[in-house]
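# Descriptive structure summary
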Amino acid sequence: MVPHLYCGVAMRPHLPSLLALAALAWPAAVKAQDISLRLPVACEVGRSCFVQNYVDRDASPAAGDYQCGTLTYDTHDGTDIRVPTMAAQKAGVDVVAAADGTVVSTREGVPDVSVRTINREEIMRIACGNAVMVEHGNGWRTAYCHMARGSVAVRSGREVKAGEKIGQIGLSGLTEYPHLHFTVLKDNKPVDPFSYGAPERSCGGGTSLWDPATQRALAYQAGSVLNKGFATGPVTDEAIESGAAEREVPTTGAPALVAYVRAIGLKGGDVQILALFDPDGNPLAQNKAQPLDRDKAQWMMFAGVRPPTGGFRPGLYRALYRVEREGKPALEQAFGVNLRP
Ligand SMILES: [Zn+2]
């Protein structure tokens, strides 16, 4: 399992003197919130993309997200929007401008490789990977990190509209999994778009910078099911990432029927239960995991059964995944597969 999922820090402003000049020209009293952000990725939250990490709102060496949850890590200054597999990343997921603005800097040419496979010191210099920074006026800027090499579609000076494609999600810079690291800056300081202006360590509060539809789509999830499905044996991270697990279609003649789930954002103490049911709803297998010893950025589990003599009966087999946190249901997901000869 992946103990730490790190990713890039925001790009340093490339035009500090120009920004300082512009700041002088603005009226002193601007509205607290004068920007409205749309989702910076062309995906459906909860289905084709997921929030893996929020901004760290805790100035101490500990870390806390805007709901006082643990979906962040120390000094993380952006929102990480993850796609479920490398196969999805390879198929291409557009990164789009979160608001109207002007591109003020870009970086291209950083290879799409996991930080695990290259020199960490080398990658630190280019942590953000292939990137775009957009200036929106009134001291607001947005930065988009880790884009796929060759995908950056805009150059400095280009005006962009909210929703306009500026690149694609990649694996460039300091990252282990394909995602967009999205940083919002106000007067050169990273801010949390979920709780702008909230006092430090407050749980909730502040102002959302997201437009209403995006705010609803991004409603806080204390964990998500990243991948789920059925296989004929144990599934590996590699098989999930490559899309091979998704393509596998168990039949009534399969040597086993295995339900699998890969979840993100789990907490220490969480109890996970994955149960498998036959077409009549009778339990076939159940896997109840030991309470997690600590927070887990990502976790995979299985529940499986061998076929009776003569093979599995045709029909709809269902699986139910449930996470209990402090004795209460925190996450639940049901899924099924139709077995045919
Ligand atoms: Zn990040």
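Quick look at unusual backbone geometry now. In this model, H146 sits at a positive phi of 70 degrees, which is unusual for a non-glycine residue. Topologically, H146 is positioned in strand β6 (residues 140-147). Among the residues examined, H146 registers a relative accessible area of 0% and is labelled buried. A positive phi angle, close to 75 degrees, is found at N188, a residue other than glycine. Relative to the elements of secondary structure, N188 occurs in the loop between β9 (179-186) and β10 (189-191).

This part covers the pairing of strand β16 (residues 315-325). Here strand β13 (residues 271-277) pairs with β16 via seven bridges, running antiparallel. Across the sheet, Q272 pairs through a bridge with V323, a residue of β16. Alignment of β16 against strand β17 (residues 328-339), held across eleven bridges, turns out to be antiparallel. Counted as the bridge partner of L320 is A334 from β17. The loop that links β16 with its antiparallel partner β17 comprises two residues; one of these, E326, has a positive phi angle of about 50 degrees.

In total, this model carries twelve salt bridges according to the counting rule given. E241 serves as the salt-bridge partner of R82, at 4.0 Å between the closest nitrogen and oxygen. Residue R82 is located in strand β2 (residues 79-82), and its partner E241 is located in helix α5 (residues 237-242); the two are separated by 159 residues in the primary sequence. You'll find R82 and E241 in the same group, each marked buried. Between D280 and R313 there is a salt bridge whose closest N-O contact spans 3.0 Å. Here D280 is found in the loop between β13 and β14 (283-288), whereas its partner R313 is found in the loop between β15 (296-305) and β16, with 33 residues between them in sequence. The exposed category is assigned to D280, whose relative accessible area is 55%.

One open sheet accounts for four strands, arranged β14-β13-β16-β17; its pairing is antiparallel. What marks the edges here is a single partner per strand, and that holds for β14 and β17. The mean angle between the axes of side-by-side strands here comes to 15 degrees, regardless of whether they run parallel or antiparallel.

Moving on to the state of the cysteines. In this structure the tally under the stated criterion is three disulfides. Between the sulfur of C43 and that of C49 lies a disulfide, 2.1 Å long from S to S. As the torsion about the S-S bond is roughly 75 degrees, the C43-C49 disulfide counts as right-handed. Given a relative accessible area of 0%, C49 falls into the buried group. Sulfur-sulfur distance for the disulfide between C128 and C145 comes to 2.0 Å.

Turning our eyes to something else, we now look at the sheet that holds strand β12 (residues 257-266). Within the open sheet, the three strands sit side by side as β11-β12-β15. Their pairing is antiparallel. Looking along the sheet, the strands with just one partner apiece sit at the ends: β11 (224-231) and β15. Direction aside, neighbouring strands of the sheet carry axes that sit 15 degrees apart on average. Pairing of β12 with β15 involves nine bridges; the strand directions are antiparallel. Residue pairing in the sheet places I264 in a bridge with Q298 of β15.

Reading the values: rules and limits
- Residues numbered from 1 in each chain as written.
- Predicted model: local features only at pLDDT ≥ 70, side-chain atom pairs only at ≥ 80, totals over all residues.
- Heavy atoms only, no water.
- Helix = DSSP H or I, 4+ residues; strand = E, 2+ residues; numbered from the N terminus.
- Buried < 20%, exposed > 50% of the residue type's maximum accessible area, 1.4 Å probe, protein only.
- Pairing = 2+ DSSP bridges.
- Salt bridge = Lys/Arg side-chain N within 4 Å of Asp/Glu carboxyl O.
- Axes fitted to C-alpha atoms, helices over the stretch in contact; angles between N-to-C directions.
- Disulfide = S-S within 2.5 Å.

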